[in-house]
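Structural overview for review
Here is what each chain is made of, one letter per residue.
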Amino acid sequence: MGTLLSRLIWVAAGALSVLIAAELVLRALPVSMGLYRTDQYDRWPLQSSESRLAYTYSSSWALRNAHRGVTNNYGHIAPFDFRKGGKPVIVIGDSYVESLMNDYADTLQAQLADKLGRRDSVYGLGVSGLSASDYLVLSSQARDEFAPVAAVFVITDGDIAESLLPSPGSRFIVLDAAGPRLDYLPLRGESLAKRIRKVVGESSLYRYLQVNLRFSPADILGMFRPASAALQGVGTPPMGEELDRQRRVADFFLGELPTALALAPECIVLLMDSDRHAIYKPAAATPRKDDPSTRLYVIERARALGIKVSDLDPVFRDRYARDRMKFDHWPNDRHWNRLGHAIAATEAYRLLSEPDAQGRAACLAGPGAAR
Amino acid sequence: MLFNSYEFLFIFLPATLVGFFALSGLRRFGLAAGWLALASIWFYGYWNPRYVLLLGTSIVLNFFAGQAILRYRSTGALGLAQQVLILALIGNLATLGYFKYANFFVDALDAAAGTGFHLGHIVLPLGISFFTFTQIAFLVDAFQGKVPACRFGSYTLFVTFYPHLIAGPVLHHAEMMPQFERAETYRFRLDNFLIGATFLSIGLFKKVVLADGIQPFVGPVFEADPAYPLTALEAWGGVLAYTLQLYFDFSGYSDMAVGLAKMTNIDLPLNFNSPYKAINIAEFWRRWHMTLSRFLRDYLYIPLGGNRKGPLRRYLNLLITMLLGGLWHGAGWTFVIWGALHGVFLMVHQVWNAVFVRKGRSPSLVGRAVSTAFTFLCVVAAWVFFRATSIEAAFFVCKGMLGMNGVLWPDQWQGAAGTLGARDPELRWARLEAFGGWRQWAWIVVLLAIAWAAPNSQTLVARLKTRAAMLRHERWAWMALGGLAVCVFLLAAINASRGSSEFIYFNF
């Protein structure tokens, strides 16, 4: 027994030595650190992560596309602080708007601000994982905090379908007899993952495993379990009832937006993203979470309500046919690159600049957005 | 099940080793060998249980054919032994031919004669080329009297032994079966286990980090849209990337196989010996896929007459051997051309040696460097056909390599379209379809440096054996094992982060 114990101790010592060596090596490298979500639950996602938080972004095992930065006073990615009552144009979205994988100057909000002539005239309010239900909450929070003059939404695949999924700490849309409404699933104390992260979160090796490699012990344990029904269903197109649910979500979202923002519909712009990989290579098309008909439905309904919409699919297609430049970090990352953001910014600016009945671009007339 | 998967590393391997050493510890050697064979068959069946029947039938029929040959030989009935051998060879080649080449020949016939006949898609059973060749060698050697009597259990384990079953090395019964029958195999030896774990870790590193790291730069060139011709920069970048990917992928697999076998005290033959350091094409084949080269030499080139029937016949034998070697890799004209190219390279090398090289005189340092570079370029050029999915695709890449579409940027950009990039050099680079930027060329330079200048796996392990004090102090060996276990875990996690990544030679 003594020999066995002694051997185990030596094995553990060897393992520990390599772990320490790996930690030291990774500390010198740009290992990704996901943004810590703020503890101010009632203010999230307006206050997205902790303020003045230094972060590092890199993707995949090879630490591609490394970026470093510091969050602003609202925990968002911007090189300036947001000002209460600043009357900016706000850009709302998920990780596409958060845009950790791009330099700030390359983002939609920065390029739109360039066109408007003032760096702080556009606030990017993007948080990874948000969906349409969160956008509604974020819209009303932004209305109260910043009094925006216009709003631009980046609508990506899954924004509609995912807003039906209850997720702790997020709003989701309930469709019941009383009609669509927002509900909230509170966070129950600190999750185990967060508690672990507090203990070992400073470890580069831990962050490399968790963020860059997306390793989870469940991956190994999962080998002993059959694939869950939920997983088996991924990628199957929504049929019948599900399609109807998605349309009801879209109706609710679009109907609530002007009120949530306290803006006229013509000062709201939806930028509808598309499956760009299918444009480059039809074989690279991926199954959609939001049914393609839902996407078209959103476009039609929004336009009917007076909301301005840019369907980016034909825009991307035309541009790709012209010079075959790609709009994202193909093939590793679907998020837009500088060109993708530039096209989105051009479209947003074009729509916001369209003159109203009086022949002026009323949406851009506010103090924050004025030239 | 892949050697680099969680299932293999964290379930199959530990369970197999624990069972093997537990039974060995009880001195149940037969059961321990049976456990390894069962585990190997399960390993094979995990991919597709239907083909276990094919593997099992092949083993049973070949074993009894071998026994019959041995029996007839021992009674002097050589004619009968020969008939059994021919029958068994036909059976093996017909099975291989059906699964691997039927579509190829039927399609070729249709193309030539317009038969209009096509077969449906035939799934290639994993490892069929390897276990067929292994058993053909056994039968031929049995006929030549080189095989002693053997037990069915040892034979089954020799054919199915999981480290080599799917993608080699191509084993020879004479070097394997005695190992399965000796008592020393069936006890835990820390030194062998550590050497095996080291080989396994090196192989896993080669596969997960080096081969899969450079792999993303290959597809954009070999799967490029023919409407957008490749420049020399793009084509060379992709072809060099493939040259390195293939080497590190296959040699990584072979290292893992050697390591896995060594953990159970079995020595597998080495399959690679820094092939890109070769100074001529003949040496390249003595360093690349060494067990296949050995098989082709012993069971094809020499029976054809080898170099015993004059230079012309030797050249022809070389060409035939390499053509069939190419066809062994896959049923396609690209593999035939690849084999033919190597056959021609070998013929040219023979002629060059006969005409220009004086015996006993070794080349200068510069001469060696030039020879190594030239050999490498020939090998790289041939890999284009090995990787391309069609002859047209191969020539498309070759045209790019020759700069026929432009060196850095496509010639077609010289017109109006070229002005777009001129304003923004970054855009100009980004517009290249198959150019992976500085990162791609950094990968190429680093991996070339490793292939040319770094010691290979066996040299590294030999140094560990001879120089390190670890093997003499048991506690250091256990410590090293702990460290290697963490390395394997980290590499497996990296591998899993990218989804499933097969070994290239699984296709052959």
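Residues numbered from 1 in each chain as written. Chains lettered and ligands numbered in written order. Predicted model: local features only at pLDDT ≥ 70, side-chain atom pairs only at ≥ 80, totals over all residues. Heavy atoms only, no water.

1. Concerning the overall build of chain B
The condition is simple: Secondary structure elements follow DSSP: runs of H or I of four or more residues count as helices, runs of E of two or more count as strands, with numbering from the N terminus. Each radius of gyration reported is based on C-alpha atoms, and the globular scaling rule is 2.2 Å times the count of residues to the power 0.38. Each residue gets one of three labels from its accessible area relative to the maximum for its type: buried under 20%, exposed over 50%, partly exposed in between, using a 1.4 Å probe on protein chains only. We call two residues contacting when some pair of their heavy atoms lies within 4.5 Å. Calculation of accessible area relied on Shrake-Rupley with a 1.4 Å probe; when residues are assessed, cover is drawn exclusively from the protein chains displayed. None of His or the chain ends enter the tally, which takes Lys and Arg as positive and Asp and Glu as negative. Think of each charge as sitting on NZ of Lys, CZ of Arg, CG of Asp or CD of Glu.
Counting secondary structure elements, chain B contains 22 helices and zero strands. Against the compact-globule benchmark of 23 Å for 508 residues, chain B has a radius of gyration of 25 Å, which places it among compact chains. A principal-axis box enclosing the C-alpha atoms of chain B has dimensions of 80 × 60 × 55 Å. Looking at chain B as a whole, 55% of its 508 residues qualify as buried. Residue pairs at least 24 apart in sequence account for 76% of intrachain contacts in chain B once pairs closer than 6 positions are excluded. Summed over all atoms, the accessible surface of chain B reaches about 22,000 Å², with 66% contributed by carbon and sulfur. Of the side chains in chain B, 39 bear a positive and 24 a negative charge, and the two mean positions are spaced by 13 Å.

2. As for a nonpolar patch on the surface
As a reminder, the rule being used: Each patch is built from residues that are more than 30% exposed by relative accessible area and take part in no salt bridge. Like charges join if they lie within 9 Å; nonpolar side chains (Val, Leu, Ile, Met, Phe, Trp, Tyr) join within 5 Å. In the sections that follow, a salt bridge refers to a side-chain nitrogen of Lys or Arg positioned within 4 Å of a carboxyl oxygen of Asp or Glu.
Together, Val351, Trp352, Val355, Phe356 and Val357 of chain B line one region of the surface with nonpolar side chains, adding up to about 510 Å² of accessible area. Assessed through its relative accessible area of 58%, Val355 of chain B is described here as exposed.

3. A short note on helix 4 (residues 78-113) of chain B
Residue and element names in this part refer to chain B. The line we're drawing: Take the number of residues in a helix, subtract one, and multiply by 1.5 Å to get its expected span. The bend at a residue is defined as the angle formed between two axes, one fitted to the seven residues ending at that residue and one fitted to the seven starting there.
In a regular helix each residue adds 1.5 Å, so 36 residues correspond to 52 Å; helix 4 covers only 42 Å between its end C-alpha atoms and thus falls short of that length. By the largest-angle criterion, Tyr101 marks the main kink of helix 4, which is about 70°. Of the residues one or two after helix 4, Gly114 is the one with positive phi, at around 60°.

4. Digging into unusual backbone geometry
Residues and elements named next belong to chain A. Residue Pro45 is reached from Trp44 by a cis peptide bond, and omega for that bond is 10°. By secondary structure assignment, the location of Pro45 is in the loop between helix 1 (2-27) and strand 1 (54-59). Following Trp330, the chain continues to Pro331 via a peptide bond in cis, the omega torsion being -5°. Tracing the backbone through its elements, the reader meets Pro331 in the loop between strand 10 (328-329) and strand 11 (333-336). Positioned with a positive phi, Leu63 is a non-glycine residue whose angle comes to about 55°. Counting through the fold element by element, Leu63 comes out in the loop between strand 1 and strand 2 (64-70). Accessibility expressed as a relative area gives 11% for Leu63, which makes it buried.

5. Regarding the pairing of strand 2 of chain A
Residue and element names in this part refer to chain A. The criterion, for reference: Pairing between strands is defined by DSSP: at least two bridges between the two strands are required.
With five bridges connecting them, strand 1 and strand 2 associate as antiparallel partners. Across the sheet, the residue bridging to Tyr55 is Gly69, located in strand 2. The turn joining strand 1 and strand 2, which pair antiparallel and follow one another in sequence, is formed by four residues; a positive phi near 70° is taken by Ser60.

6. Section: the interface of chain B and chain A
Inclusion rule: Each of two parts loses accessible area, computed with a 1.4 Å probe, when they are put together; buried area is these two losses added. Definition of a polar contact: a pair of N or O atoms within 3.5 Å, with one able to donate and the other able to accept a hydrogen when the atoms are protein atoms, and with sequence-neighbouring residues admitted only if both atoms are side-chain atoms. For this scheme, ten residues count as nonpolar: Ala, Val, Leu, Ile, Met, Phe, Trp, Tyr, Cys and Pro. Four count as charged, namely Asp, Glu, Lys and Arg, and the remainder, Gly too, count as polar.
Opposite the 33 residues of chain B that make contact, chain A presents 31 residues. Taken together, both faces of the contact between chain B and chain A bury some 2,800 Å²; the carbon and sulfur share is 71%. The interface formed by chain B and chain A contains two salt bridges. The closest approach of N and O atoms between Glu474 of chain B and Arg7 of chain A, which form a salt bridge, is 3.0 Å. Counting across the interface, chain B meets chain A through two residue pairs in polar contact (both at pLDDT 80 or more). Mapped onto the side of chain B that touches chain A, the elements with two or more residues apiece are helix 1 (6-25), helix 9 (190-214), helix 19 (425-430), helix 20 (437-453) and helix 22 (474-497) of chain B. For the side of chain B that touches chain A, the element with the most residues is helix 22 of chain B, which contributes 13 residues. Tallied by class, the residues present in the side of chain B that touches chain A amount to 18 nonpolar, four polar and eleven charged.

7. Description of the side chain of Thr185 of chain B
All names here are of chain B. Structurally, the position occupied by Thr185 is in the loop between helix 8 (173-181) and helix 9. The exposure class of Thr185 is buried, given its relative accessible area of 1%. Of the polar contacts made by the side chain of Thr185, one reaches the backbone oxygen of Gln179; its length is 2.5 Å. The contacts of Thr185, once residues within four sequence positions are left out, are Phe20, Gln179, Thr264, Asn265 and Ile266.

8. Considering the state of the cysteines
A covalent bond between the sulfur atoms of two cysteines is what we call a disulfide. Residues and elements named next belong to chain A. Under the convention used in this document: Any two cysteine sulfur atoms within 2.5 Å of one another count as a disulfide.
Under the criterion given, the structure shown has one disulfide over all chains. Covalently, Cys267 is tied to Cys363 through a disulfide, its sulfur atoms 2.1 Å apart. Of note, the bridge from Cys267 to Cys363 carries an S-S torsion of about -90° and is left-handed in sense. Linking Cys267 in the loop between helix 9 (241-261) and strand 8 (268-272) with Cys363 in the segment after helix 13 (338-353), this pair joins segments that are 96 residues apart in sequence.

9. Examining the packing of helix 9 of chain B against helix 20 of chain B
Residues and elements named next belong to chain B. Applicable threshold: For helices, the fitted axis covers only the stretch in contact; all axes are lines through C-alpha atoms, and the angles between them, taken along N-to-C directions, range from 0 to 180 degrees. Working definition: roughly parallel below 35 degrees, roughly antiparallel above 145 degrees, roughly perpendicular at 65 to 115 degrees, and oblique for all remaining angles. In a left-handed crossing the near helix is turned counterclockwise from the far helix by less than a right angle, and in a right-handed crossing that turn is clockwise.
Packing of helix 9 against helix 20 leaves a shortest axis separation of 10 Å and a crossing angle of 135°. Considering the angle they form, helix 9 stands oblique to helix 20. Remark: the crossing between helix 9 and helix 20 carries left-handed chirality. Here helix 9 contributes Val209, Leu210, Gly213 and Ile214 to the contact with helix 20, which in turn contributes Trp443, Ile444, Leu447 and Ile450. Residues of the contact of helix 9 with helix 20, tallied by class, amount to seven nonpolar, one polar and no charged.

10. Some thoughts on helix 17 (residues 391-401) of chain B
Residue and element names in this part refer to chain B. Restricting attention to buried positions, one finds in helix 17 the residues Ala393, Ala394, Phe396, Val397, Cys398, Gly400 and Met401. The elements touched by buried residues of helix 17 are helix 10 (219-222), helix 11 (232-263) and helix 16 (365-387). Of the residues one or two after helix 17, Gly403 is the one with positive phi, at around 75°.

11. A word on the sheet that holds strand 5 (residues 150-155) of chain A
Residue and element names in this part refer to chain A. Across the sheet, five strands lie side by side as 4-3-5-8-9; this open sheet has parallel pairing. With one partner strand each, in any of the chains shown, strand 4 (122-126) and strand 9 (308-311) form the two edges of the open sheet. Each strand of the sheet is rotated relative to its neighbour by a mean of 15°, with strand direction disregarded. Bridge count for strand 3 (residues 89-93) against strand 5 is four bridges, and the pairing is parallel. If you follow Ile92 over to strand 5, its bridge partner there is Phe153. Where helix 12 (residues 312-323) meets the sheet, it contacts strand 8 and strand 9, and its direction lies at approximately 40° from that of strand 9.

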